[in-house]
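The residues making up each chain are set out below.
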Amino acid sequence: MGLPSDDFVVIQKGKQPGEPCVININCPDKTGLGCDICRIILEFGLYITKGDVSTDGKWCYIVLWVVPHSSSLILRWSNLKNRLLSVCPSSLVSFYFDQPSTHAASSPVYLLQFFCLDRKGLLHDVTQVLCELELIIQRVKVTTTPDGRVLDLFFITDNMELLHTKKRQDETMEQLHAVLGESCISCELQLAGPEYECHQGISSLSPVVAGELLRCELSDKEICSQALSSDMAKLKKASVAIDNSLSPVHTLLQIHCADHKGLLYDIMRPLKDCNIQIAYGRLSPNTKGHRDLDLFIQHKDGKKIVDPDKQSALCSRLKVEMLHPLRVIVANRGPDTELLVANPVELSGKGRPRVFYDVTLALKSLGICIFSAEIGRHSTSDREWEVYRFLLDEDCNFQFSNLVARNQIVDRVRRILMGW
């Protein structure tokens, strides 16, 4: 009955440098599979140049052409294959009989704690090591002491599920010591205790800051004030259309929008949350900075999307996700200056991959030190958000009170997050 599970995923590497690698996934289907796959690809730092997906409702076939976002990226293709296999339904039996597949227990959370002398770019360098080791940052608390030392608490999980072994722990500590160097005073790794629950939330957002950060869409006035105005204006030209005339059983969803890093994930995420199934889809290559995506979709119960209100709600939701997938502002926090970044969380509870990595990279490139940082969740009436807060060190070349300087920070952070 079909392929052995190990053959569900086949990766063909490019024959020439810079040539896309082709990922073939041929496995039982499930609602939200496309979202899970795109999330993993984004997590590995890969960019989808084009893609095709088709399914008969029971078995799906997906082909994605991918390239690394960065030439310096260290890719472990066997690990990518294993991660993709982990989200494929394990057998046809569980699918055909509509039984829930068996999921592994939640990964244990570990606390990585280190105390060292501070320096510019330190937080990003540590984050890069964790990303390369496939250790996922769940929460973080960074504090700088008055004498120029930093205490960092990283709550992490291991995608390879090996952090309980001495070999994996030794590898992690060795690479961390290599990047921390002689500035390291102490570095410890252990299973997280009750302190993890204490760091689940974040310092409360004021209503004004929350309103600015989490609004559905930037106003025209704000776009004109942004250093990124031309790109933001391009984002606003996205179109989402629904057509029920071309198929007797499927609704055609047509999307035209500006390209950005994680675009396909941002489209698949709301479809998964709304229990929308994809029967056929094609993502076109980038053309002058824009992408076209055609999807034949239906409700989980196999029916077309014909209700006008549901059509309108779906189109509006997709537009919001494409126009404004990541929120970035600079605000005052008392006498200090704070950078805030937010992204919506999947209904499954998963946040967006590599956000902390990208933000710390942007601040390192600007020569801005991070006085303190934290990751937490913030709930609004209709969804949950992952919020990243960075108190910026005033000792740099930026005058944070200057609007132009603030726009420059927002510009750089947003560009790296969006892959522009």
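Just above sits the structure.
Residues numbered from 1 in each chain as written. Predicted model: local features only at pLDDT ≥ 70, side-chain atom pairs only at ≥ 80, totals over all residues. Heavy atoms only, no water.

Enquirer: Describe helix H2 (residues 77–87), listing the residues and the values that go with them.
Expert: Along H2, the residues that are buried comprise Trp77, Asn79, Leu80, Arg83, Leu84, Leu85 and Val87. Close packing links the buried residues of H2 with strand E1 (9–12), strand E2 (21–28), helix H1 (33–43) and strand E3 (46–55). (Buried < 20%, exposed > 50% of the residue type's maximum accessible area, 1.4 Å probe, protein only. Helix = DSSP H or I, 4+ residues; strand = E, 2+ residues; numbered from the N terminus. Contact = heavy atoms within 4.5 Å.)

Enquirer: So what about the sheet that holds strand E6 (residues 135–144)? Which residues, and what values?
Expert: Strand order in the open sheet formed by eight strands is E8-E5-E7-E6-E15-E16-E14-E13, with antiparallel pairing between adjacent strands. Edge positions in the sheet fall to strand E8 (184–191) and strand E13 (327–333), since each of these pairs with one other strand and no more. Strand-to-strand, the axes of this sheet are offset by a mean angle of 25°, without reference to chain direction. By the bridge criterion, seven bridges tie strand E5 (residues 110–117) to E8 in an arrangement that is antiparallel. (Pairing = 2+ DSSP bridges. Axes fitted to C-alpha atoms, helices over the stretch in contact; angles between N-to-C directions.)

Enquirer: Quick rundown of helix H13 (residues 403–418)? Include the residues and the values.
Expert: Here H13 is 16 residues long and its end C-alpha atoms lie 22 Å apart, about the 22 Å a rise of 1.5 Å per residue gives. All of the buried residues along H13 are Ala405, Arg406, Asn407, Ile409, Val410, Asp411, Val413, Arg414, Ile416, Leu417 and Met418. Its side-chain oxygen placed 2.8 Å from the backbone nitrogen of Val404, Asn402 serves as the N-cap of H13. A positive phi of about 75° marks Gly419, the residue just after H13. (Expected span 1.5 Å × (residues − 1). Polar contact = N/O pair within 3.5 Å; in protein donor to acceptor, adjacent residues only side chain to side chain.)

Enquirer: Which residues make up the pairing of strand E12 (residues 290–299), and what are the values?
Expert: In terms of burial, E12 is largely enclosed, as seven of its 10 residues are buried. Both strand E10 (residues 251–258) and E12 contribute to a ladder of eight bridges, which runs antiparallel. Across the sheet, Ile255 pairs through a bridge with Leu293, a residue of E12. Sheet topology note: the strand E11 (residues 276–283)/E12 ladder contains seven bridges and is antiparallel. Bridge pairing in E12 places Tyr280 opposite Phe296. Where E11 folds back onto E12 in an antiparallel hairpin, the turn is made up of six residues, including Lys288, whose phi is positive at roughly 55°.

Enquirer: Let's hear about the packing of aromatic side chains: which residues, and what values?
Expert: A full pass over the atoms with the stated rule returns six aromatic pairs. On the basis of an interplanar angle of 85° and a centroid distance of 5.9 Å, the ring pair of Phe8 and Trp59 is categorised as edge-to-face. Of this pair, Phe8 sits in the segment before E1 while Trp59 sits in strand E4 (residues 59–68); the two residues are 51 residues apart in sequence, bridging distant segments of the chain. Residue classification places Phe8 among the buried residues on the basis of a relative accessible area of 4%. Taking 6.0 Å as the distance between ring centres and 15° as the angle between the ring planes, the aromatic pair formed by Phe114 and Phe154 counts as stacked. Here Phe114, found in strand E5, pairs with Phe154, found in strand E7 (residues 149–158); they are 40 residues apart in sequence, far enough to count as distant. Considered together, Phe114 and Phe154 belong to a single accessibility category, that of buried residues. Members of the aromatic cluster, each reached through a chain of ring pairs, are Phe114, Phe154, Phe356, Tyr388 and Phe390. Taking the ring centre of Tyr357 as reference, the NZ or CZ of Arg354 above it sits at 4.5 Å. (Phe/Tyr/Trp six-rings, centres within 6.5 Å; stacked < 30°, edge-to-face > 60°. Lys NZ or Arg CZ within 6 Å of the ring centre and 35° of its normal.)

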